[in-house]
Amino acid sequence: MGDTLKLGFVLTVICVIAAGSLAKVYDVTSVIIKKNEKELDEKKRKEIIPQAAIFEERQVDGKPIYIGKDVEGKAIGSIFKIAPRGYAGPINAMIGVDNGGKILAVSITKLDQAETPGLGTKVTGPKFRDQFKGIEGNDLKLKKDGGSIDAITAATISSRAVANGVYEGIEWYKKAVASIQ
């Protein structure tokens, strides 16, 4: 009985030390990870609206909208995030729109999703993403669903997730813009 208690105590001490070490590593790395994510988001925003000199963040319904402004301080477009559920999880994307609500760009990186390599990851490619530029309304759906977006062969779930996410994001954006003006 004494050996069992002794082993249990040693195992508990080892677990406490391991948990404390993991907590400390998390504290140190989480700051670095958040900093890197912020820098990546800033870089993506600049790629979506390259003419913008600054981006002003506003909160609508707890979600950020970034208003891109030129050097004179005039709003030239907005960016917001979506995260539709794809085949293997959420597909995080940024959508850039002009002042009229038309899509300037959709940005999805391979780091922002966990879709099937070689199939679902093709939603990150320009051939798929560029289909969204300049369109609106029901055209933002897949052709199979009555829209104008070509799905990626063998990745219909991922394609539909992005198309529906962009459509729903644009609808949310229209309501959000009405509330901040």
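The structure presented is a predicted model; accordingly, all values stated were derived computationally and were not measured.

Procedures and definitions
Residues numbered from 1 in each chain as written. Predicted model: local features only at pLDDT ≥ 70, side-chain atom pairs only at ≥ 80, totals over all residues. Heavy atoms only, no water. Core = buried A, V, L, I, M, F, W, Y, C linked by side-chain atoms within 4.5 Å. Buried < 20%, exposed > 50% of the residue type's maximum accessible area, 1.4 Å probe, protein only. Helix = DSSP H or I, 4+ residues; strand = E, 2+ residues; numbered from the N terminus. Contact = heavy atoms within 4.5 Å. Polar contact = N/O pair within 3.5 Å; in protein donor to acceptor, adjacent residues only side chain to side chain. Patch = residues over 30% accessible without salt bridge, like charges linked within 9 Å, V, L, I, M, F, W, Y side chains within 5 Å. Areas by Shrake-Rupley, 256 points an atom, 1.4 Å probe, with all protein chains shown as cover. Salt bridge = Lys/Arg side-chain N within 4 Å of Asp/Glu carboxyl O. Phe/Tyr/Trp six-rings, centres within 6.5 Å; stacked < 30°, edge-to-face > 60°. Pairing = 2+ DSSP bridges. Axes fitted to C-alpha atoms, helices over the stretch in contact; angles between N-to-C directions.

Engineer: Whenever I open this one, the nonpolar core confuses me. Can you help?
Structural biologist: A general tendency of soluble globular proteins is for nonpolar side chains to be buried together. Residues F80, I103, F132 and V166 are the most contacted members of the largest nonpolar core, which totals 30 residues. Counting residues per element, the ones that place at least two in this core are strand 2 (63-69), strand 3 (75-82), strand 4 (93-97), strand 5 (103-107) and helix 3 (156-180). Take this core: its biggest share by element is 9 residues, from helix 3. Leaving out residues up to four positions away in the same chain, F132 has contacts with I103, V106, L140, I149, V162, A163 and V166. Counting residues in each nonpolar core, the second largest holds 7 residues, with I49, A52, I79 and M94 among its members.

Engineer: Just to check I follow, could you spell out the side chain of K69 for this structure?
Structural biologist: Positionally, K69 belongs in strand 2. Given the relative accessible area of 16%, K69 is considered buried. Of the polar contacts made by the side chain of K69, one reaches the side chain of E56; its length is 2.7 Å. Setting aside residues up to four positions removed in sequence, K69 forms contacts with A52, A53, I54, E56, K74, A75 and I76.

Engineer: Mind showing me how you'd approach the environment of A23 here?
Structural biologist: One can find A23 in helix 1 (residues 2-48). Residue A23 is classed as partly exposed on the basis of its relative accessible area, which comes to 40%. On a C-alpha basis, the gap between A23 and I67 in space is 37 Å, while along the polypeptide they are 44 residues apart.

Engineer: Mind showing me how you'd approach the environment of D130 here?
Structural biologist: Tracing the chain through its elements places D130 in the loop between helix 2 (126-129) and helix 3. For D130, a relative accessible area of 38% puts it in the partly exposed group. A C-alpha to C-alpha distance of 9.4 Å links D130 and S107, two positions 23 residues apart in sequence.

Engineer: Would you take a moment to explain a nonpolar patch on the surface for this structure?
Structural biologist: Together, F9, V10, V13, I14 and I17 line one region of the surface with nonpolar side chains, adding up to about 480 Å² of accessible area. Assignment of secondary structure puts I14 in helix 1.

Engineer: Looking at this structure, how should I read unusual backbone geometry?
Structural biologist: Glycine aside, the phi torsion of most residues is negative, and most peptide linkages are trans. At D61, a position not held by glycine, the phi torsion is positive, near 55°. Looking at where D61 falls in the secondary structure, it is placed in the loop between strand 1 (54-60) and strand 2. On the basis of relative accessible area, D61 is assigned to the exposed category, the value being 66%. Non-glycine residue A154 carries a positive phi angle of around 70°. By the secondary structure assignment, A154 is in the loop between helix 2 and helix 3. Here A154 falls in the exposed class, since its relative accessible area comes to 57%.

Engineer: Honestly, the packing of aromatic side chains in this entry has me stumped. Any pointers?
Structural biologist: We describe a pair of aromatic rings using the distance from one ring centre to the other and the angle between the two ring planes. For the structure on display, the rule yields 3 aromatic pairs. Summarising the aromatic geometry, the rings of F80 and W172 are spaced 5.8 Å apart at their centres and angled 55° between planes, so their arrangement reads as tilted. Within this pair, whereas F80 is found in strand 3, its partner W172 is found in helix 3, the two being separated by 92 residues in sequence. There is no split in this pair, since F80 and W172 are both buried. Aromatic pair F80 and Y173: ring centres 5.2 Å apart, planes at 10°, arrangement stacked. Separated by 93 residues along the polypeptide, F80 in strand 3 and Y173 in helix 3 bring together distant segments of the chain.

Engineer: What am I meant to see in the sheet that holds strand 1 here?
Structural biologist: Strand-to-strand pairing in sheets goes through backbone hydrogen bonds, with the strands running parallel or antiparallel. Strands sit in the order 1-2-3-4-5 across an open sheet of 5 strands; the sheet is antiparallel. Each of the sheet's edge strands pairs with one partner strand only, and the pair in question is strand 1 and strand 5. Each neighbouring strand pair of the sheet contributes to a mean axis angle of 20°, computed without reference to strand direction. Where strand 1 meets strand 2, 7 bridges bridge the pair, whose relative direction is antiparallel. Paired with E56 across the strands is I67, a residue of strand 2.

By themselves, these figures tell us nothing about what the structure is for.
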